[in-house]
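# Examination of the molecular architecture
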Amino acid sequence: MNIFIDVLRIIYITREIDLYQMIYESNLESKLEQILIGLSKDKSSSKVKDAIHKFLIYVQHASENFWVTFHKSKTYQERLECYYQFTKNQCLATEVLIRDLNSISDEDEIKENLNAILKEGFTF
């Protein structure tokens with residue numbers, strides 16, 4: 001029985017480290033990084049962490065697509081359009097994260113963090 005609990009604890013700790021590593025490797029704006037780290041620490045719910053994980057995967061995918069498209073671009077106008085689309089994708093990912101977190105909990109603390117994401121995150 002103790003071995004089972006230890007394995008679960010190791011899986012949980014590994015997953016926690018992986019989430020922080022993903023946040024770091026996503027090269028997000030520092031304010032958004034701080035919000036995500038704070039949110040994952042303050043609300044250790046697996047649903048919250050799953051929502052953040054989903055957000056980070058979407059951002060990583062958008063970033064990879066940006067670089068592929070960027071390198072194929074021939075003019076600065078195409079590169080700027082590529083960057084514009086990338087920032088729109090980040091806004092969409094942030095909106096989805098906010099929606100997902102809102103559906104998880106109606107607690108005041110999470111709502112405050114979500115409002116901070118809206119104010120400090122990616123806006124046009």
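Before going into details, it helps to say that this report is about the structure given with it. (Residues numbered from 1 in each chain as written. Predicted model: local features only at pLDDT ≥ 70, side-chain atom pairs only at ≥ 80, totals over all residues. Heavy atoms only, no water.)

## A short note on helix α3 (residues 46–72)
- In a regular helix each residue adds 1.5 Å, so 27 residues correspond to 39 Å; α3 covers 39 Å between its end C-alpha atoms and thus fits that length.
- Where α3 is concerned, the buried positions are V48, K49, A51, I52, F55, L56, V59, A62 and F66. (Helix = DSSP H or I, 4+ residues; strand = E, 2+ residues; numbered from the N terminus. Expected span 1.5 Å × (residues − 1). Buried < 20%, exposed > 50% of the residue type's maximum accessible area, 1.4 Å probe, protein only.)

## Some thoughts on the packing of α3 against helix α4 (residues 76–104)
- It is the contact of α3 with α4, at a shortest axis distance of 10 Å, that shows an interaxial angle of 170°. Between α3 and α4, the angle falls in the class roughly antiparallel.
- Grouping the amino acids of the contact of α3 with α4 by side-chain chemistry returns 18 nonpolar, five polar and four charged. (Axes fitted to C-alpha atoms, helices over the stretch in contact; angles between N-to-C directions. Parallel < 35°, antiparallel > 145°, perpendicular 65-115°, else oblique. Nonpolar A, V, L, I, M, F, W, Y, C, P; charged D, E, K, R; others polar.)

## With respect to the pattern of salt bridges
- Enumeration according to the criterion identifies two salt bridges in this entry.
- Close ionic contact of K54 with D100 constitutes a salt bridge, the shortest N to O distance being 3.1 Å. Remark: D100 occurs in helix α4 and K54 occurs in helix α3; sequence separation between them is 46 residues.
- A relative accessible area of 44% means that K54 is categorised as partly exposed.
- Linking R99 and D100 is a salt bridge whose minimum nitrogen-to-oxygen distance equals 3.4 Å.
- Classification of R99 as exposed rests on a relative accessible area of 51%.
- By relative accessible area, which is 14% here, D100 ends up buried.
- One connected set of salt bridges, linked through shared partners, spans K54, R99 and D100. (Salt bridge = Lys/Arg side-chain N within 4 Å of Asp/Glu carboxyl O.)

Just distances and angles here, no functional claims.
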